[in-house]
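Understanding the architecture of this molecule
Below are the chains, spelled out letter by letter.
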Amino acid sequence: MSSFGRLYKFFSTAAPAVSETTISATKQAIATTPKPNKPTKPTSQAARLKQLAKNFKKSSKNPSFRLRIPYYESTVYRLAAAKQFNLIQDILEHQKQFDSITDERFTVRLISLYGKAGMFDNASKLFDEMPELKCERTVISFNALLAACVNCKKFDKLEALFRDLPGQLGIKPDRVSYNTLIKSYCVMGSVELAVGVIELMESKGLAPDLITFNTIFDALYRNKKMDDAEKLWVLMESKNVIANVRSYNPKLRALVADERISEAVELIEEMRAKGVMPDIYSFNALIQGYCFEKNLEQAKRWYGELAKCDVSPDRMTYEIMLPFVCDIADFDYAFQLCKDVLNSKHRVSMSVIQRVVDGLATDLKSEEAEVLVDLADTNNYFHYKLKLPAE
DNA sequence: TTAGGGTTAG
């Protein structure tokens, strides 16, 4: 049976009548939430994060604060990176007391944050609680729950919810739902199933879109399935979906990884000819390729190309270039790059910059080394603690 | 609400 056949059968079978619904089955004790690991960071950091959570809760009283999505995101990311799951639960559960919780878009963001933090049980519990919180549940919150499954790698759970919840809650999966199912298959390594979903969604009257194809391109190129990807380009064009820069970038990375850098350069030209402007991900792919080939001249050329194309370098650009430039001991150029970093808002790993400072000092370029240390001291975005080597 | 590499502090 084809992928489509298997998928169609699976997703077209009505959910069995059960007294204990799948929803409640998804309810799991919060006790099963990932437990904070043994603290590995200094207590001062733990104290700082506790204060962060406290301030966050205090600010939440303000309705305009509750619209500041990036603040919510960065706070949860910081806490998740430090494995402070109890604090994440603390600040997100705190939001339930505000009337924003009756707004589905707000609650969906909380579900999504739990998902990004890897706290699936909390995401699922919040979804279940929506009716009692007087918050309408539509396909949007269903999709957020599916996305939480992907982020938490609960692939079996996603399939079960996708099959059972629409019938139980009277929700009709939409294109976003199917794209999330596709993403799930891609992440779990079943790209063939992901491709099969295109036919499945079409059988439900939903046309695949750019996100559908780009999601699968990324998975195919990561797995070096170049031939399958070419077939997908043909299919995409037959559906009148127009490629964008995010369709091309996975291919660029795959060509570079395969050491076919001249073909990657040709692809950039092809993109431009089609009016698709390369972005920082595209340029980083090429710079990565040339650094790997130890071709400083070309790496520099493409770094220079960024300014010409009005594209800003990012953290990754420097993380790729600086170690390579240090390897070949071109500290004059490394000095230029570091000045660019320290005058920007990008945060590059401190050890990478320290290596340049050390190299400059060894190269009898103490003045330049001092310039970097001073620039680091006055950097407004991140406090680098660089050290001049002992005299 | 779904497609890229998320360590400031607020």
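Quick note: structure is the one above.
In this report, the structure presented in the accompanying data block is examined. Since we're looking at a predicted model, the values are computed, not measured. Per-chain numbering applies: the sequence of each chain, read as written, is numbered from 1 onward. Working convention: letters from A go to chains and numbers from 1 go to ligands, in the order in which they are written. Where totals are concerned, whole chains, interfaces and linings use all residues; where local detail is concerned, this predicted model gives features only for residues with pLDDT of at least 70, and gives and counts side-chain atom pairs only at 80 or more. No hydrogens and no water enter the side-chain calculation; it runs on all heavy atoms of the structure.

1. Examining the overall build of chain A
- Helix and strand definitions follow DSSP, with helices as H or I runs of at least four residues and strands as E runs of at least two, each counted in order from the N terminus. When helices and strands are counted, chain A shows 21 helices and zero strands.
- Only protein chains enter the area calculation, which uses a 1.4 Å probe; residues under 20% of their type maximum are buried, those over 50% are exposed, and those in between are partly exposed. Within chain A, the proportion of its 391 residues that are buried is 48%.
- Two residues form a contact once any of their heavy atoms are found within 4.5 Å. Taking the intrachain contacts of chain A between residues at least 6 apart in sequence as the baseline, contacts between residues at least 24 apart amount to 64%.
- A total of about 20,300 Å² of accessible surface is found on chain A, and carbon and sulfur atoms cover 52% of it. Throughout, the Shrake-Rupley method with a 1.4 Å probe supplies accessible areas, and for residues the shown protein chains are the sole cover considered.

2. Some words on the pattern of salt bridges
- By convention in these notes, a salt bridge is any Lys or Arg side-chain nitrogen within 4 Å of a carboxyl oxygen on Asp or Glu. Within this structure, the stated rule accounts for 26 salt bridges.
- Residue Arg163 is joined to Asp164 by a salt bridge in which the shortest nitrogen-to-oxygen separation is 3.9 Å.
- Owing to a relative accessible area of 10%, Asp164 belongs among the buried residues under this scheme.
- A salt bridge links Glu192 to Lys225, with the shortest nitrogen-to-oxygen separation between them at 3.0 Å. Of this pair, Glu192 sits in helix H11 (residues 191-203) while Lys225 sits in the loop between helix H12 (210-222) and helix H13 (226-238); the two residues are 33 residues apart in sequence, bridging distant segments of the chain.
- Here Lys225 falls in the partly exposed class, since its relative accessible area comes to 28%.
- A network of salt bridges, in which partner residues are shared, links Glu93, Lys96, Lys125 and Glu129.

3. Considering the layout of surface pockets
- A cavity here means a set of points on a 1 Å grid, drawn over the protein atoms and nothing else, where a 1.4 Å probe fits but cannot get out; a pocket is an open set with protein on both sides within 12 Å along at least five of seven lines, and a residue lines either one if it has an atom within 4 Å of a point. Grid points are joined across faces, edges and corners, and a volume is the space filled by probe spheres set on the points. Looking at the largest pocket, its volume works out to about 480 Å³.
- What lines the largest pocket is a set of 14 residues, and nearest its centre among them are Asn214, Thr215, Asp218, Arg246 and Arg253.
- Mapped onto the lining of the largest pocket, the elements with two or more residues apiece are H12 and helix H14 (245-257).
- It is H12 that contributes the most residues to the lining of the largest pocket, six residues altogether.
- Amino acid classes used here: Ala, Val, Leu, Ile, Met, Phe, Trp, Tyr, Cys and Pro are nonpolar; Asp, Glu, Lys and Arg are charged; the rest, including Gly, are polar. Taken together, the residues of the lining of the largest pocket sort by class into four nonpolar, four polar and six charged.

4. Topic: the nonpolar core
- The definition of a nonpolar core used throughout is a set of buried Ala, Val, Leu, Ile, Met, Phe, Trp, Tyr and Cys residues joined through side-chain atoms within 4.5 Å. Ile88, Leu181, Ile216 and Leu322 are the most contacted members of the largest nonpolar core, which has 127 residues in total.
- When near neighbours in sequence (up to four residues on either side) are disregarded, Leu181 contacts Phe11, Leu158, Phe162, Val197 and Leu200.

5. Topic: helix H5 (residues 85-93)
- Those residues of H5 lying buried are Phe85, Leu87, Ile88, Ile91 and Leu92. With its buried residues spanning 155 degrees around the axis, H5 presents them on a single face. The arc in question is traced by the directions running from the helix axis to the C-beta atoms.

6. Here we look at the protein's contact with DNA strand B
- Any residue with a non-hydrogen atom lying within 4 Å of a molecule or strand is treated as near it. Around DNA strand B, the surrounding shell holds 29 residues, and the nearest of these are Ser74, Arg78, Asn143, Asn214 and Asn249.
- When atoms of DNA strand B within 4 Å of the protein are sorted by moiety, sugar and phosphate together comprise 34%.
- Between N or O atoms, a polar contact is any pair within 3.5 Å; within protein, one atom must be a potential hydrogen donor and the other a potential acceptor, and residues adjacent in sequence are included only when both atoms are from side chains. Interatomic distance of 2.2 Å between a side-chain N/O atom of Asn249 and a base nitrogen of DNA strand B.
- Taking Asp279, its side chain carries an N or O atom lying 3.0 Å from a base nitrogen of DNA strand B.
- When its residues are assigned to classes, the surface near DNA strand B shows 10 nonpolar, nine polar and 10 charged.

7. Thoughts on unusual backbone geometry
- Here Lys134, not a glycine, exhibits a phi torsion of approximately 60 degrees, which is positive.
- For Lys134, the location among the structural elements is in the loop between helix H7 (120-129) and helix H8 (139-151).
- The phi angle at Lys153 is positive, at roughly 60 degrees, despite the residue not being glycine.
- Mapped onto the elements of the fold, Lys153 is located in the loop between H8 and helix H9 (155-169).

8. Regarding the packing of H14 against helix H16 (residues 280-292)
- Structural elements are reduced to axes, namely lines fitted to C-alpha atoms, with helices fitted over the stretch in contact, and the angle between N-to-C directions of any two is expressed from 0 to 180 degrees. Two elements in contact, H14 and H16, have axes whose closest approach is 9 Å; the angle formed by their N-to-C orientations is 5 degrees. Comparing their axes, H16 and H14 come out roughly parallel. For the pair H14 and H16, contact is made by Val245, Asn249, Leu252, Arg253 and Val256 and by Tyr281, Ser282, Ala285, Leu286 and Gly289, respectively.
- Of the residues in the contact of H14 with H16, the class split is six nonpolar, three polar and one charged. By the definition adopted for this analysis, an angle is roughly parallel if under 35 degrees, roughly antiparallel if over 145, roughly perpendicular if from 65 to 115, and oblique otherwise.

9. Thoughts on the packing of aromatic side chains
- Ring pairs are drawn from Phe, Tyr and Trp, using the six-membered ring of Trp, whenever the two centres fall within 6.5 Å, and their geometry is named by plane angle: stacked under 30 degrees, edge-to-face over 60, tilted for the rest. Taken as a whole, this structure holds 13 aromatic pairs when the rule is applied.
- What links up through ring pairs into an aromatic cluster is the set Phe56, Phe65, Tyr71, Tyr72 and Phe106.
- Only lysine NZ and arginine CZ atoms are considered, and such an atom sits over a ring when it is within 6 Å of the ring centre and within 35 degrees of the ring normal. Directly above the aromatic system of Phe127 lies the positively charged group of Arg137, at a separation of 4.8 Å from the ring centroid.
- The cationic tip of Lys300 hangs over the ring face of Tyr333; the distance from NZ or CZ to the ring centre is 4.5 Å.

Just geometry here; none of it tells us what the structure is for.
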